[in-house]
Amino acid sequence: TFLPLSLQTKMSRPVQARRLEGTDKNIWVEFVKLAATYSTVNLGQGFPDFPPPDFLKEAFVRALSGENHMLNQYTRAFGHPPLVKILAQFFEKLLGRELDPMTNVMVTVGAYQALFCCFQAFVDEGDEVIIIEPFFDCYEPMVKMAGGTPVFVPLRLKDPEDGKLMSSAAWQLDPTELASKFSERTKAIVLNSPNNPLGKVFSRAELELIAKLCVKHDVLCISDEVYEWLVYDGKEHVRIASLQGMWDRTVIIGSAGKTFSVTGWKVGWTVGPNHLLQHLRTVHQNSVYHCATAAQEAVAQGFQRELELYGTPESYFVQLPKELQQKRDWLVQSLDAVGMKPIIPEGTYFLVADISKFKSDVPDVPDSDEPYDSRFAKWMMKNKGLAAIPLSAFYCGAHKNNYNNFVRFCFAKEEATLKAANDILQKWKWENTRP
Ligand code: PMP
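Keep in mind the model is a prediction, meaning the values are calculated, not measured. (Residues numbered from 1 in each chain as written. Predicted model: local features only at pLDDT ≥ 70, side-chain atom pairs only at ≥ 80, totals over all residues. Heavy atoms only, no water.)

Enquirer: Before we move on, could you go through the nonpolar core and cite the residues and values that matter?
Expert: Judged by nonpolar contacts, the single largest core of 146 residues is most densely connected at Phe119, Met340 and Phe409. Broken down by element, this core gets its largest block of residues, 9 residues, from helix H3 (residues 81–95). There are two domains that each give this core at least three residues, and those are domain 1 (22–52 + 316–432) and domain 2 (54–309). (Core = buried A, V, L, I, M, F, W, Y, C linked by side-chain atoms within 4.5 Å. Buried < 20%, exposed > 50% of the residue type's maximum accessible area, 1.4 Å probe, protein only. Helix = DSSP H or I, 4+ residues; strand = E, 2+ residues; numbered from the N terminus. Domains from an automatic or database assignment.)

Next up, the structure:
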């Protein structure tokens, strides 16, 4: 049935839809491949290398091998009923308002699909979407694919106090600059607190400022809260949806990947008012339609357990941040000891560290198209076997050189992995200071 070669004609028309223009590069595709090839210690991509909690793994096994074989078949398109029910119950507690599991919650294929649904559902050609820099990189191409225009507003780093390590709280929005980005074209703002890559946890005052502007300009808030449980030093995660005037205009996005250390399961959710979620359901039913039933069943059981143990020392949402805070402190110490100044994160499982002191190892190339931190991260992977992600990956094209002396490390790693990273750093420092 194959045509003879002489009759075959190649396609000559452009095949790529215009909406994909400028969205073909992806930092993770590039760095994940490099890390797999070169790194011996991978503190790059954000995933735990320790096992998820037993109660969750057991719940998945039960879902697969238990009596209810229907857990291997399709479930409700907008979320497996036990999962949306328990999420509604859980968020009722967190938000202090009544929720309907069927209309105020929708399950997605990870937080990623939740974000995609939001941009497709709310953003039209010509709409502007405010994105706070540095940002989880997919926000920009997702806005563009929907036909919108991303408008960037930076967190600016305060000057360091002599000799002291800084906190991620030192990254701050300039209120006047933020206000200047809102106009009648603004459809939405994306908020990510706790923030990837900085680990910044937005304070109540900062969120109130954002909320006021949203209300004033009648703007939606897409609130990416996937790290909601990973908050340290007694800091409070404030939900912007609970601030005055915000419930009606906010979609909360969460992820079992971060919540239960199962990034590969790709179970996420959205919580919000029906008049917003109704449009997410339209996108969902016309694209993904349905998420893996057994994984949803297991996550539902995980939440059931967490609701019963809420706030107690046995709760995973209490234990995980406690363990991660310890890991954070180890990595902070390792980096500080070699002069790679870490900015101590208040949340998430990431931190950024200043690499300025190591510049003699990887000299600047004036006029290079590639930001310095990106060349540094690649050099570090290839020459030291240590993988991290350049901070410039979290800025838009025009701003990639604003902060290019930082790399992001993930510390959701086994003690042995963090120790191996420490060994690499110590050896590196020793080699550099050897007479
Ligand atoms: N938002 C942020 C801020 C993230 O860091 C991530 C994962 N790295 C996601 C969304 C996507 O989450 P998921 O794996 O659940 O799709």
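Enquirer: Outline the packing of aromatic side chains, listing residues and values.
Expert: Counted according to the given criterion, the structure contains 31 aromatic pairs. Judged by centre distance (6.1 Å) and plane angle (80°), the ring pair of Phe55 and Tyr316 falls under edge-to-face. With a gap of 261 residues between them, Phe55 in helix H2 (residues 54–65) and Tyr316 in helix H11 (residues 316–338) connect regions that are remote in the sequence. Between the aromatic rings of Tyr349 and Phe350, the centroid separation amounts to 5.3 Å while the plane-to-plane angle is 75°, which identifies the pairing as edge-to-face. On the basis of relative accessible area, Phe350 is assigned to the buried category, the value being 1%. (Phe/Tyr/Trp six-rings, centres within 6.5 Å; stacked < 30°, edge-to-face > 60°.)

Enquirer: Please set out the sheet that holds strand S8 (residues 220–224) residue by residue, giving values where relevant.
Expert: One open sheet holds the 7 strands; their spatial order is S2-S10-S9-S8-S7-S3-S4, and the pairing between them is mixed. What marks the edges here is a single partner per strand, and that holds for strand S2 (105–109) and strand S4 (149–154). For this sheet, the mean inter-axis angle between neighbouring strands, taken without regard to orientation, is 25°. Most of the contacts of helix H9 (residues 274–285) go to S2, to which it runs at about 35°, and overall it touches S2, S8, strand S9 (250–255) and strand S10 (267–271). (Pairing = 2+ DSSP bridges. Axes fitted to C-alpha atoms, helices over the stretch in contact; angles between N-to-C directions. Contact = heavy atoms within 4.5 Å.)

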